[in-house]
Amino acid sequence: MSRAQLTRTGILRMALGGGGGADPLLPAEGGGDRRAPFLLRALRIAVVVCLYWFTSIAMVFLNKYLLDSPSLRLDAPLFVTFFQCALTAALCLGLSLGAACGPPCAGLPTLRLDPKVSRSVLPLSAVFIGMVTSNNLCLKHVGVAFYNVGRSLTTVFNVLLSYLLLKQTTSLYALLACGVIIGGFWLGVDQEGAEGTLSWTGIFFGILASLCVSLNAIYTKKVLPVVDGSIWRLTFYNNINACVLFFPLMVLLGEFRTLYHFDKLGSPSFWGMMTLGGVFGFAIGYVTGLQIKFTSPLTHNVSGTAKACAQTVLAVIYFEETKSFLWWTSNLMVLGGSFAYTWVKGLEMRKVQEDPNVKSSERNDTGV
């Protein structure tokens, strides 16, 4: 989850890995796809992986533009996040209303706002707004190239919270992988400082984002039964709650005053970029689910690690930055540690599946 991009991906991943109803917008699991010719399956996987990479990387660059572009000069990160949550809720509702139109919308649940369910989802929504807000604030204060390293401690918090909250232990090899990630993180911070581009505000929000991503995964699993395991109902309620919670925060931080004086508030191009960013934010959960369905959770994590590497290289090229050898080493340590952790957990899960006598305490398959 440490490579997932700020947003709603955690909800979909946890639901896919932790039970719940089938998602009508995702391809069904089973033999149909396995019986397809090898070249067709390979082509499907390649298209899905490319779609995931494009959506995820484009979303990060779009959000960076909206949050910290010198040409835009909009200092209202909560409003940007609020707009994306509102658009996600609207898209969920629109897809639900289109359920009568036939495939692929025919299996979508009917969405209606139930105050009782909304209150039950509220604890998750509080964690959710902490996650998306800290992700965006981290991206606002650090460069896109450093963004992956700045939020790289999610895996470490996963292990820590799994032990503190779920009483699940972690193997020595997985802990060693976490040690590599921590080392890469601190080396990256040191190199950002050496280059004069370090933002302690960005580092703070990056660490907070890592913690919130881990908490979001745990709370999602707890809250899913309230919405009958429906990803779309949970996404709908979560984003509706988030919109309500953002209002007092925007008032408190004076963002409505900032918007009043914003010179591009009536610009169609500005709202076009805002809408595009929101659509990509909504789509990332769907394409993540597609990648998991067509490959596996392990392959998805490996793809996410490779995508983070490509995103870093693209950012350095696009922004014409020059980075030191040790800076690149910190990125390689974070990516290598994340890959090693994913690989170790994949091997452990395979062992658990093959040996039914493995103790329940060793079944750390929560994805966190």
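Residues numbered from 1 in each chain as written. Predicted model: local features only at pLDDT ≥ 70, side-chain atom pairs only at ≥ 80, totals over all residues. Heavy atoms only, no water.

### Here's the deal with unusual backbone geometry
Okay, so step 1: Unlike most non-glycine residues, Arg73 shows phi in positive territory, near 55 degrees.
Okay, so step 2: Among the structural elements, Arg73 can be located in the loop between α3 (38-68) and α4 (77-97).
Okay, so step 3: One non-glycine residue, Glu320, adopts positive backbone phi at about 55 degrees.
Okay, so step 4: With respect to the helices and strands, the residue Glu320 is situated in the loop between α13 (297-318) and α14 (325-354). (Helix = DSSP H or I, 4+ residues; strand = E, 2+ residues; numbered from the N terminus.)

### Notes on the UniProt feature "transmembrane region" (unreviewed entry) in the protein chain
Okay, so step 1: Under the local residue numbering, the UniProt record ascribes the feature "transmembrane region" (unreviewed entry) to residues 42-66, 78-100, 121-139, 145-165, 172-189, 201-219, 231-250 and 270-290.
Okay, so step 2: The distance from the first to the last C-alpha atom of residues 201-219 is 26 Å, and the span holds 100% helix and 0% strand.
Okay, so step 3: Helix and strand shares over residues 231-250 are 100% and 0% respectively, and the end C-alpha atoms of the span are 28 Å apart. (UniProt positions renumbered as here; feature names shortened; annotations may be inferred.)

### Observations concerning the packing of aromatic side chains
A ring pair, where both rings are aromatic, is described by two values, the distance of the centres and the angle of the planes.
Okay, so step 1: For the coordinates displayed, the defined rule picks out 16 aromatic pairs.
Okay, so step 2: Judged by centre distance (4.9 Å) and plane angle (90 degrees), the rings of Tyr318 and Phe319 are edge-to-face.
Okay, so step 3: For Tyr318, a relative accessible area of 61% puts it in the exposed group.
Okay, so step 4: Given the relative accessible area of 36%, Phe319 is considered partly exposed.
Okay, so step 5: Members of the aromatic cluster, each reached through a chain of ring pairs, are Phe79, Phe83, Phe262, Phe270 and Trp271.
Okay, so step 6: The ring centre of Tyr219 lies 5.6 Å from the NZ or CZ of Lys222, which sits over that ring. (Phe/Tyr/Trp six-rings, centres within 6.5 Å; stacked < 30°, edge-to-face > 60°. Buried < 20%, exposed > 50% of the residue type's maximum accessible area, 1.4 Å probe, protein only. Lys NZ or Arg CZ within 6 Å of the ring centre and 35° of its normal.)

### Section: the packing of helix α7 (residues 154-166) against helix α9 (residues 200-223)
Okay, so step 1: Viewed as axis vectors pointing N to C, α7 and α9 meet at an angle of 50 degrees, and their least axial separation amounts to 9 Å. It follows that α7 is oblique to α9 by the angle criterion. Read as a crossing pair, α7 and α9 show a hand that is right-handed. Between α7 and α9, the contacting residues are Thr154, Phe157, Asn158, Leu161 and Leu165 on the first element and Ile207, Ser210, Leu211, Val213, Ser214, Leu215 and Ile218 on the second.
Okay, so step 2: Tallied by class, the residues present in the contact of α7 with α9 amount to eight nonpolar, four polar and no charged. (Axes fitted to C-alpha atoms, helices over the stretch in contact; angles between N-to-C directions. Parallel < 35°, antiparallel > 145°, perpendicular 65-115°, else oblique. Left-handed = near helix turned anticlockwise from the far one by under 90°. Contact = heavy atoms within 4.5 Å. Nonpolar A, V, L, I, M, F, W, Y, C, P; charged D, E, K, R; others polar.)

### With respect to a nonpolar patch on the surface
Okay, so step 1: A contiguous nonpolar patch, built from Leu160, Tyr163, Leu164, Leu165 and Leu166 and spanning about 470 Å² of accessible area, is present on the exposed surface.
Okay, so step 2: With respect to the helices and strands, the residue Tyr163 is situated in helix α7. (Patch = residues over 30% accessible without salt bridge, like charges linked within 9 Å, V, L, I, M, F, W, Y side chains within 5 Å. Areas by Shrake-Rupley, 256 points an atom, 1.4 Å probe, with all protein chains shown as cover. Salt bridge = Lys/Arg side-chain N within 4 Å of Asp/Glu carboxyl O.)

### A few points about the side chain of Thr288
Okay, so step 1: Structurally, the position occupied by Thr288 is in helix α12 (residues 268-294).
Okay, so step 2: Here the side chain of Thr288 touches Ile284 through a polar contact of 2.7 Å, landing on its backbone oxygen. (Polar contact = N/O pair within 3.5 Å; in protein donor to acceptor, adjacent residues only side chain to side chain.)

### Overview of the environment of Leu211
Okay, so step 1: With respect to the helices and strands, the residue Leu211 is situated in helix α9.
Okay, so step 2: Residue class for Leu211 comes out partly exposed when judged on its relative accessible area of 26%.
Okay, so step 3: Each C-alpha atom of the pair Leu211 and Gly130 lies 9.4 Å from the other, and the pair is 81 residues apart in sequence.
Okay, so step 4: Those residues within four positions of Leu211 in sequence are excluded, and the remaining contacts are Phe157 and Leu161.

### Structural notes on the nonpolar core
Okay, so step 1: Residues Leu74, Phe79, Phe128, Phe146, Phe246 and Met274 are the most contacted members of the largest nonpolar core, which totals 56 residues.
Okay, so step 2: With near-sequence residues (within four places) excluded, Phe146 lies in contact with Gly188, Val189, Glu192, Ile203 and Trp327.
Okay, so step 3: Core analysis: the next-biggest nonpolar cluster, separate from the first, contains 15 residues, Val117, Val223, Val227 and Phe282 among them. (Core = buried A, V, L, I, M, F, W, Y, C linked by side-chain atoms within 4.5 Å.)

### Structural notes on α7
Okay, so step 1: Turning to α7, its buried residues number three or more, namely Thr154, Thr155, Val156, Phe157, Asn158, Val159, Leu161 and Ser162.
Okay, so step 2: Looking at the packing, one finds that the buried side of α7 touches α8 (172-194), α9 and α14.
Okay, so step 3: One or two positions beyond α7, positive phi appears at Lys167, with a value near 55 degrees.

### Focus on the pattern of salt bridges
Okay, so step 1: The final tally for this structure, using the stated rule, is eight salt bridges.
Okay, so step 2: Salt-bridge contacts for Asp263 lead to Arg73; the nearest nitrogen and oxygen are separated by 3.7 Å. Taken together, the positions of Asp263 in the loop between α11 (255-260) and α12 and Arg73 in the loop between α3 and α4 put the pair 190 residues apart, joining distant regions of the chain. Exposure class is identical for Asp263 and Arg73. Each is exposed.
Okay, so step 3: Taking the shortest distance from any N to any O, the salt bridge between Lys323 and Glu321 comes out at 3.8 Å.

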